[in-house]
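# Coordinate analysis (summary)
So you can see what is in the structure, the chains are spelled out below.
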Amino acid sequence: MEYLYVLVVLLLVLGIADLVVGISNDAVNFLYSAIGSRVAKFKAIYLIAGAGLIIGTIFSGGMMEVARKSIFYPENLYLSQLLILFLAVMITDIILVDLFNTFGFPTSTTIAIVFELLGGALALGLIIIGGDNPDKLNISHLINTQRVFLILTGIVISIVLAFISGSTIQFLARLVFTFRYKERFRFLFSLAGAISLTSILFLLLKKDIWLADFIYKLLHIGADFNLIIILSLFFAITFSLFIVLALIFKVDIPKIVVLCGTFALALSFAANDLVNFIGVPLAALEGFVSFKQSGVSDSSQFLMNIWEGGVLNTKLFATNWYNCIYIFAGIIMVVTMFYSKKARTVMNTELYLGRQDAGYENFEPSAMSRLMVRAFLLAYKGIISKAPKKMVARFSNRYKRYDDNRYSESEEIIYFDTVRGSVNLVVSSILITIGTYFKFPLSTTFVVFMVAMGTSLSDQAWGRDSAVYRISGVLSVLGGWFITASVGFVGAFIITVFIWWAEIYAIIILVMMLCLIIYQTNKIHKKARLQRKAIKAAYKRQVNNDIENLVDSGSERIRKHIIETLKIYILAIQGFVDENTRQLKETCEKAKYLEKVSRSIKEELFESFSGSKNSTFDSGHYFIQAIDYLGELSQTLRRIADPVFTHVENQHKGLSPSQKEDALFLLEEVAGFFNYLIHIEKEQRFNAVPEMIEKQEVLLDIIEDLRRKQLKRIMVGVGKTKSSMLLLECYAESKNLVLYTINLLKSHRDFYQERAK
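Residues numbered from 1 in each chain as written. Predicted model: local features only at pLDDT ≥ 70, side-chain atom pairs only at ≥ 80, totals over all residues. Heavy atoms only, no water.

### A word on the packing of helix 14 (residues 367-386) against helix 18 (residues 467-502)
Heads up, the condition is: Lines fitted to C-alpha atoms define the axes here, with helix axes fitted over just the stretch in contact, and angles between the N-to-C directions of these axes take values from 0 to 180 degrees. Runs of H or I in DSSP of at least four residues are treated as helices and runs of E of at least two as strands, each being numbered from the N terminus. Angular relationships are summarised with four words: roughly parallel below 35 degrees, roughly antiparallel beyond 145, roughly perpendicular across 65 to 115, and oblique for the angles in between. Two helices crossing with the near one rotated counterclockwise from the far one by less than a right angle form a left-handed crossing, whereas a clockwise rotation gives a right-handed crossing. Contact between two residues is taken to exist if any of their heavy atoms lie within 4.5 Å; hydrogens are not considered. Classes in brief: Ala, Val, Leu, Ile, Met, Phe, Trp, Tyr, Cys and Pro nonpolar; Asp, Glu, Lys and Arg charged; the others, Gly included, polar.
Running from N to C, helix 14 and helix 18 point in directions that differ by 125 degrees, and their axes come no closer than 8 Å. Relative to helix 18, the element helix 14 lies oblique. When you trace helix 14 past helix 18, the crossing you get is right-handed. Here helix 14 contributes Met368, Ser369, Arg370, Met372 and Val373 to the contact with helix 18, which in turn contributes Ala467, Val468, Ile471, Ser472 and Leu475. Among the residues making up the contact of helix 14 with helix 18, the classes are represented as 7 nonpolar, 2 polar and 1 charged.

The following block contains the structure:
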């Protein structure tokens, strides 16, 4: 009995942990549009979404059936068996979703829970069938394959429907309102806003939730004819209010729609997806309460034929305690939403994929993304060539944009406007609410993400400069969903078998492993977050776009970049000599990060340079040239670090003693050269550039002598190894490193000299 208590308590604790990791991944679903369009301050947006979450949790009772009996037939399982299944599912879910959070990937918690339940149920079923099996059960008696197929079908349909709906509605909205809607279309915005809010209210009232029943009883109305009157009255009041706000007070109606939509989407999310986080622990608690009330002494003899229609009719859960549990879950989600750094990481991934402007891209292009963009461009050119020119010109005119900046009054980036934000929220809310009404546990991540990507496509946010990167990102997210399903299924299967076999020892090991994984992922995320924070500076607004204001900050960045280049070079060569795999792996990560930073600095300076005065051109282009050499330095480091790490990791033969001596000698000379150059650059002693050029020539001669020495070794039959060829490559790249550094110093000198004229 004590062992049973431990399992139930552990499941409840895991339920709280799953709430934290789950909302960290899913918060983007209802915060995306409001934060992306910057309709209000972050705190105000979070408070509105938090209210929706807490209210929505009370309405989620009908969806709990998914965890209780939608995937398997509990009436053929005993409580002890079901607790093992539930524990395996919760451990798998927390690990899986937390890993996605760590790397900033939005995944589907619905897909995760469905496939985890399916994998665990299959493992349990095979164990039961392979054992004594006195009831002569088979898999069809244990797994509800028809319901699983129905859930997956609903999710697949929702993906296609969400993308088509989002792109179609956004296309129509943009044709009507254009990008130049400021101070215009007040009547149309009021009408569209009233229709949007009325639609959301209608779907909320049609839900099988306590709110609808309460309103029907309060107003003594039926669900048909009288409901039409109520909705018509609500539409009239809303439309009149919007007209007054728009015409008299000049209020931006789409902002109101976005905020209301944020509340509605948060409510729909909580009502639909709370089951993903606490459905399994609550089902375990229900089973435990029923077992205690039954008087049966052995949980392995207590069949779980206790649910009818998904609701347990016991004294505990017939009271308001159930609602208290839901509200407590809502509070945990709200607190997590405010303070979770991983939630912001996931949000940034989706914001970057949907932002209106090009810039630094998180994803590298893939062969599939290139193929899709190429095919789309060919199809687009074919359609344009055959379409009437007047129609093409008219459509193009509707998509003309303002030339204003992309920043709000608080100098925060606006990723897209409130028109797109309104469409994202309204379409997503309606689709999710329809799914809840028909008892389909739709993936809110699927729906919201695909709606957002559909509206981005229709809004021409994926231009030719960014399309391959954005599509590659979308494909990566979609691939992540398939990984979620596969890993969730296999993970729950394996853990279920492990717990069945090792019992309490398995539970202890798994809990310790879970804590260790969460600790490690937090460390990884913290490190990555600090790197992203440094890169993100490249997209903040400059106080003045004059190139003169970039001098101090740009010079500091150049100096830091040179210092970091020297550090990475030392780590790479020393790691090669010592055959230190761990050090070389860290070197590769640092080199890759430095390359990202150099790209972001260059893009920032180009953006500022494009808005600067013509008078700054003569000096400014030297500064841009200097930044170009920073990029070359970073790429050179990658060409040294990556092959060296691969060589050592593959356990190839290392350097000979004489080769090590040469490599360390070169390292000492290069370090001395860089240190002196950093000193000159810091003090801006550009009159010492000729002296540095002389030192460069000496160092290049040293590198050439070392290269010839190595070639002679190879010719006489000494050093015919992979390490010898790799050492020659290091010499060549070291030469490039020295050349690029001097060129950088020259460009920086020319900038100051031109500026002084």
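### Describing the packing of aromatic side chains
Applicable threshold: Note on aromatic contacts: the rings of Phe and Tyr and the six-membered ring of Trp form a pair at centre separations within 6.5 Å, being stacked when their planes are under 30 degrees apart, edge-to-face when over 60 apart, and tilted otherwise. Both a distance and an angle decide whether a charge sits over a ring: NZ of Lys or CZ of Arg must be within 6 Å of the ring centre and within 35 degrees of the ring normal.
For the structure on display, the rule yields 19 aromatic pairs. Ring centres of phenylalanine 269 and phenylalanine 277 lie 6.3 Å apart, and the angle between their planes is 50 degrees; on these two criteria the pair is classed as tilted. Three or more aromatic residues joined by ring pairs make a cluster, and in this case those are Phe30, Phe269 and Phe277. Lying over the aromatic face of phenylalanine 179, arginine 174 brings its terminal NZ or CZ to 3.8 Å of the ring centre. When the ring centre of tyrosine 676 is taken as origin, the NZ or CZ atom of lysine 695, which lies over that ring, is 5.1 Å away.

### Quick notes on the side chain of aspartate 18
What counts here: The buried label applies to any residue whose accessible area, calculated with a 1.4 Å probe on protein chains only, is under 20% of its type's maximum; exposed applies above 50%, and partly exposed to all values in between. All tallies of charge rest on Lys and Arg as positive and Asp and Glu as negative; His and the ends of each chain are not included. Any carboxyl oxygen of Asp or Glu that lies within 4 Å of a side-chain nitrogen of Lys or Arg is treated as forming a salt bridge with it.
With respect to the secondary-structure elements, aspartate 18 resides in helix 1 (residues 2-37). There is no salt bridge for the buried aspartate 18, and the closest opposite charge comes from lysine 342, which lies 12 Å off by N-O distance. Aspartate 18 has contacts with Met90, Asp93, Ile94, Asn276 and Phe277, leaving out every residue within four places of it along the chain.

### Re helix 11 (residues 253-294)
Applied cut-off: A helix's residues, less one, multiplied by 1.5 Å, set its expected span. What is called the bend at a residue is the angle between a pair of axes, fitted to the seven residues leading up to and ending at it and to the seven starting from it.
Taking 1.5 Å as the rise per residue, helix 11 with 42 residues should run 62 Å; its terminal C-alpha atoms sit 57 Å apart, in good agreement. A bend of about 65 degrees at isoleucine 278 is the largest found in helix 11, and the proline proline 281 appears one to four places after it. Burial analysis of helix 11 places 34 of its 42 residues in the buried class, the great majority of the element. Trailing helix 11 by a residue or two, glycine 295 shows a phi angle of about 85 degrees, which is positive.

### Remarks on the pattern of salt bridges
The final tally for this structure, using the stated rule, is 12 salt bridges. Residue arginine 174 pairs with aspartate 459 through a salt bridge whose shortest N-O separation is 2.6 Å. On the criterion of sequence distance, the pair formed by arginine 174 in helix 7 (residues 145-177) and aspartate 459 in the loop between helix 17 (444-458) and helix 18 is long-range, its members being 285 residues apart. Judged by its relative accessible area of 0%, aspartate 459 is buried. Across the salt bridge formed by arginine 638 and glutamate 595, the nearest N and O atoms sit 2.6 Å from each other. Taken together, the residues span a long stretch of sequence, with arginine 638 in helix 22 (residues 617-649) and glutamate 595 in helix 21 (residues 581-610) at a distance of 43 residues.

### Considering the environment of glutamate 661
Its place among the elements puts glutamate 661 in helix 23 (residues 657-683). Its relative accessible area of 57% is what places glutamate 661 among the exposed residues. Between the C-alpha atoms of glutamate 661 and valine 577, which are 84 residues apart in sequence, the distance is 8.9 Å.

### Digging into the nonpolar core
The condition that has to hold: Take the buried residues of types Ala, Val, Leu, Ile, Met, Phe, Trp, Tyr and Cys, join any two whose side-chain atoms come within 4.5 Å, and each joined set is a nonpolar core.
If you look at the biggest cluster of nonpolar residues, it comprises 129 residues, and the most contacted ones within it are Phe30, Leu31, Leu53 and Phe86. With 18 residues, the single largest contributor to this core is helix 11. Dropping the residues within four chain positions of it, leucine 53 is found in contact with Ile23, Phe30, Ala266, Leu267, Phe269, Ala270, Met333, Val334 and Met337. If you look at the next biggest cluster of nonpolar residues, it comprises 54 residues, including Phe576, Leu637, Leu666 and Val738.

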